[in-house]
Amino acid sequence: MATIIRKNAYVLIILLFFFAFSFRPESLAIAQSDDYILEVEQHWETYTIGGTCIPGAHNLAVADVDGDNELEMITGGFSYLLVNGSRATFEAPLKIWSWDGQHLILEKGEKWNGSVWCVYAGDADGDGKTEIITSGNVADTTGYCLRIWTWDGDTLLLKGEYAGISAAAISVCDVDLDNEPEIITVNRPLNVSQSAGQLCVWHWDGSSLELESSAEWGGSEGARANSVCTFDLDNDGVVEIVTGGYANDLENSSGQLRVWQYDGMTLSMKANEEWRLVEGVYALTTVGGIQGNTIVTNVKVGDVDGDSTPEIVTGGFAYDGDNVNAQLRIWNWDGATISLEKSEEWTTDYITEIKCISLNDIDGDSKIEIVTSGVVAAKWDATGPERAQLRVWRWDGTTLTLKQNKDWVIGDGVCAWSVATGDVDGDGAVEVVTVGCMYVDVLCDPDLRIWSLPVAQFPFLLVAGTVAGVASALVAAHLLMRKRQRGAQLK
């Protein structure tokens, strides 16, 4: 009898552990569910007496910027106060936040007369420490500029700046393989009257910022680069630069995705992809202006299907002749050609738009999810507030599954301009952070929110616990049987 129990126990233990490690945790996640828990919501000091807005799809960063092994959240934007009913005293509110799971702490706030349109955190000079890079405006003095800051937990230092440039998005990577990182920016050239795209490569040595190379395109035909990402797309050891935006003027805009390489001297475009859902039409905004046809607002790169080859993920919108569709696309680069793996469009109202993307393992299944944030809005002649939209997707190489879907509205409307992900409270689970702009009448607020999934969304832990419990029970039964057997033998 003891032999039978022992054999059965070992067999069951093996089967249970096999089940645990072959179990697909996403099979327990409910598709299109609304399970996100709002951990905290933060308003700015201008709330109800003025306004702060954090526009742009790259105005939030999550990184350990002070070297304390804890993630901070960095936000930009612009603030104003109301004076006699009019907006006045515009300021750039650069803020560094931390979250311990109970308290949202403003570690540092820096203001100047101007605005911040983009923030990024990365080791820009290869010294092992993370710098904060901002793009925006310093009114009445420097004008548009790039700025590089350091934060040690006590002091925020402006280490350097470069005037006359405005970046819509920033990335840091050693793209020419010289063992020194480069700063990559995309933006609209300030000296060009038409809408044009510009890609720049910078070198920062810790004290001065030097423009190494740049490429411009569009000109009379119109173009805009909205987002940039750096990654070795085809696993050949060479880092590519990926830009996303649009080609042609807004009335005939096509989504644009480009792949570049930089050899230390020259930027070379390796591929260019453009697309529309319909030709010859364009959408109007909620106030009747030109929205465009198709535009990429954000691009990220990561291995989202687990095949050991990174994918390019783009988000934005595409007009179908009736509605503005949110558009999520997954691409592959083989070293020569950009190939479309999946395109997903959806509408919740007249306008549904992806503003930002983050790639991370959100639900603890050891697989990367695609997190999108954006806005939903009605037509200019219809009623209804703008709503923020937060979605989590899973791509397995064949099927794109909507795992989480969260829409919300506060005040007269809200837009989730930026989203970032990371374990910001150190509890072992990844949180989702959103910022943007909510408004009541003429007053705005960024409405920073930190979201998390409930414990039930991490099924692997539950399965592992079940396995351990059952295995322990079986082993205990086996030991008890052996004890009784030895007692019988002694008698």
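Right, let's walk through the structure included here. (Residues numbered from 1 in each chain as written. Predicted model: local features only at pLDDT ≥ 70, side-chain atom pairs only at ≥ 80, totals over all residues. Heavy atoms only, no water.)

## Section: a negative patch on the surface
Phase 1: Taken together, the side chains of Asp 178, Glu 180, Asp 205 and Glu 210 make up a negatively charged region of the molecular surface.
Phase 2: Tracing the backbone shows Glu 180 in the loop between strand S12 (169-173) and strand S13 (182-187).
Phase 3: Given the relative accessible area of 38%, Glu 180 is considered partly exposed. (Patch = residues over 30% accessible without salt bridge, like charges linked within 9 Å, V, L, I, M, F, W, Y side chains within 5 Å. Areas by Shrake-Rupley, 256 points an atom, 1.4 Å probe, with all protein chains shown as cover. Salt bridge = Lys/Arg side-chain N within 4 Å of Asp/Glu carboxyl O. Lys, Arg positive; Asp, Glu negative; His and termini not counted. Charge placed at Lys NZ, Arg CZ, Asp CG, Glu CD. Helix = DSSP H or I, 4+ residues; strand = E, 2+ residues; numbered from the N terminus. Buried < 20%, exposed > 50% of the residue type's maximum accessible area, 1.4 Å probe, protein only.)

## With respect to unusual backbone geometry
Phase 1: With a phi close to 65°, Asn 179 is a non-glycine residue in the positive phi region.
Phase 2: Here Asn 179 is to be found in the loop between S12 and S13.
Phase 3: The backbone phi angle of Ser 308 is positive, close to 70°, even though this residue is not glycine.
Phase 4: Within the secondary structure, Ser 308 sits in the loop between strand S22 (294-302) and strand S23 (311-319).

## Points about the pairing of strand S14 (residues 197-204)
Phase 1: S14 sits mainly inside the fold: eight of its eight residues count as buried.
Phase 2: In S14, alternate side chains face the same way, and those of Gly 197, Leu 199, Val 201 and His 203 on one face and Gln 198, Cys 200, Trp 202 and Trp 204 on the other are all buried.
Phase 3: Pairing analysis gives five bridges linking S13 to S14, with the strands arranged antiparallel. Across the sheet, residue Thr 185 finds its bridge partner in S14, namely Cys 200.
Phase 4: With eight bridges joining them, S14 and strand S15 (residues 209-217) adopt antiparallel strand pairing. Each bridged residue has a counterpart across the sheet, and for Trp 202 the counterpart in S15 is Leu 211. (Pairing = 2+ DSSP bridges.)

## Some thoughts on empty space enclosed by the protein
Phase 1: Counted according to the given criterion, the structure contains five cavities of 30 Å³ or more.
Phase 2: Its boundaries defined by the atoms lining it, the largest cavity holds a volume of some 40 Å³.
Phase 3: In terms of residue count, the dominant contributor to the lining of the largest cavity is strand S9 (residues 131-138) (five residues).
Phase 4: Taken together, the residues of the lining of the largest cavity break down into four nonpolar, five polar and one charged. (1 Å grid on protein atoms, 1.4 Å probe; cavity = no way out; pocket = protein on both sides within 12 Å on 5 of 7 lines; lining within 4 Å. Points joined across faces, edges and corners; volume = space filled by probe spheres on them. Nonpolar A, V, L, I, M, F, W, Y, C, P; charged D, E, K, R; others polar.)

## Side note on the side chain of Ser 358
Phase 1: Residue position: Ser 358 is located in strand S26 (residues 351-360).
Phase 2: Exposure remark for Ser 358: the relative accessible area of 9% places this residue in the buried category.
Phase 3: Of note is the side chain of Ser 358, whose polar atom sits 2.7 Å from the side chain of Thr 421.
Phase 4: Once residues within four sequence positions are removed from consideration, Ser 358 is found in contact with Glu 369, Ile 370, Val 371, Val 419, Ala 420 and Thr 421. (Polar contact = N/O pair within 3.5 Å; in protein donor to acceptor, adjacent residues only side chain to side chain. Contact = heavy atoms within 4.5 Å.)

## What to know about the sheet that holds strand S19 (residues 267-275)
Phase 1: Across the sheet, four strands lie side by side as S16-S17-S18-S19; this open sheet has antiparallel pairing. Across the chains shown, the open sheet's two edge strands, defined by having one partner strand only, are strand S16 (223-231) and S19. Across the sheet, the axes of successive neighbouring strands diverge by a mean angle of 20°, strand direction being ignored.
Phase 2: Summarising the sheet, strand S18 (residues 254-262) and S19 pair through eight bridges and their orientation is antiparallel. From the neighbouring strand, Leu 257 faces S19, where its bridge partner is Glu 273. (Axes fitted to C-alpha atoms, helices over the stretch in contact; angles between N-to-C directions.)

## What about the environment of Ser 166?
Phase 1: Of note, Ser 166 is situated in the loop between strand S11 (156-163) and S12.
Phase 2: Along the primary structure Ser 166 and Arg 188 are separated by 22 residues, whereas in three dimensions their C-alpha atoms are 7.2 Å apart.

## A few points about the packing of aromatic side chains
Phase 1: Summed over the entire model, instances satisfying the criterion amount to 10 aromatic pairs.
Phase 2: Seen from their ring centres, Phe 78 and Trp 117 are 6.0 Å apart, and the 40° between their planes marks the pair as tilted. Taken together, the residues Phe 78 in strand S5 (residues 78-83) and Trp 117 in strand S8 (residues 114-122) connect sequence positions 39 residues apart.
Phase 3: For Phe 78, a relative accessible area of 15% gives the class buried.
Phase 4: The interplanar angle of 50° and the centroid separation of 4.9 Å between the aromatic rings of Trp 275 and Trp 331 together place this pair among those described as tilted. Here the residue Trp 275 occupies a position in strand S19, and Trp 331 occupies one in strand S24 (residues 324-333), the gap between them amounting to 56 residues. (Phe/Tyr/Trp six-rings, centres within 6.5 Å; stacked < 30°, edge-to-face > 60°.)

## Details of the state of the cysteines
Phase 1: Applying the stated criterion across every chain yields a total of zero disulfides.
Phase 2: With no disulfide of its own, Cys 173 lies 9.0 Å from the sulfur of Cys 229, the closest cysteine sulfur.
Phase 3: Residue classification places Cys 173 among the partly exposed residues on the basis of a relative accessible area of 21%. (Disulfide = S-S within 2.5 Å.)

## Re the side chain of Gln 198
Phase 1: By the element assignment, Gln 198 lies in strand S14.
Phase 2: A distance of 2.5 Å separates polar atoms of two side chains, one belonging to Gln 198 and the other to Asn 187.
Phase 3: A distance of 2.8 Å separates polar atoms of two side chains, one belonging to Gln 198 and the other to Glu 216.

## Some words on the environment of Trp 333
Phase 1: Along the chain, the position of Trp 333 falls in strand S24.
Phase 2: The residues touching Trp 333, leaving out its near neighbours within four places in the chain, are Leu 233, Asp 234, Glu 240, Val 259, Lys 270, Ala 271, Ile 312 and Ile 338.

## Some words on the layout of surface pockets
Phase 1: One number sums up the size of the largest pocket: a volume of about 810 Å³.
Phase 2: Lining the largest pocket are 25 residues, with Gly 56, Ala 168, Arg 224, Asn 226 and Trp 417 sitting closest to its centre.
Phase 3: Every element with two or more residues in the lining of the largest pocket is listed here: S16, strand S21 (290-292), S22 and S26.
Phase 4: The residue makeup of the lining of the largest pocket, split by class, is 13 nonpolar, eight polar and four charged.
Phase 5: Within this model, the second largest pocket holds a volume of roughly 670 Å³.
Phase 6: Taken together, 33 residues line the second largest pocket, and the ones lying closest to its centre are Tyr 120, Cys 229, Lys 300, Ile 357 and Ser 358.

## Structural notes on the pattern of salt bridges
Phase 1: One pass over the full model with this rule turns up 14 salt bridges.
Phase 2: Here Lys 406 makes a salt bridge to Asp 34, at a shortest N to O gap of 3.4 Å. With a gap of 372 residues between them, Lys 406 in strand S29 (residues 400-408) and Asp 34 in the loop between helix H1 (2-22) and strand S1 (37-42) connect regions that are remote in the sequence.
Phase 3: Its salt-bridge partner being Lys 111, residue Glu 91 comes within 3.8 Å of it at the nearest N-O pair. With Glu 91 in strand S6 (residues 86-99) and Lys 111 in strand S7 (residues 104-112), this pair connects stretches of sequence that are 20 residues apart.
Phase 4: Glu 91 gets classed as partly exposed once you look at its relative accessible area, which sits at 30%.
Phase 5: Each member of the salt-bridge network shares a partner with another, and the members are Glu 45, Glu 91, Lys 95 and Lys 111.

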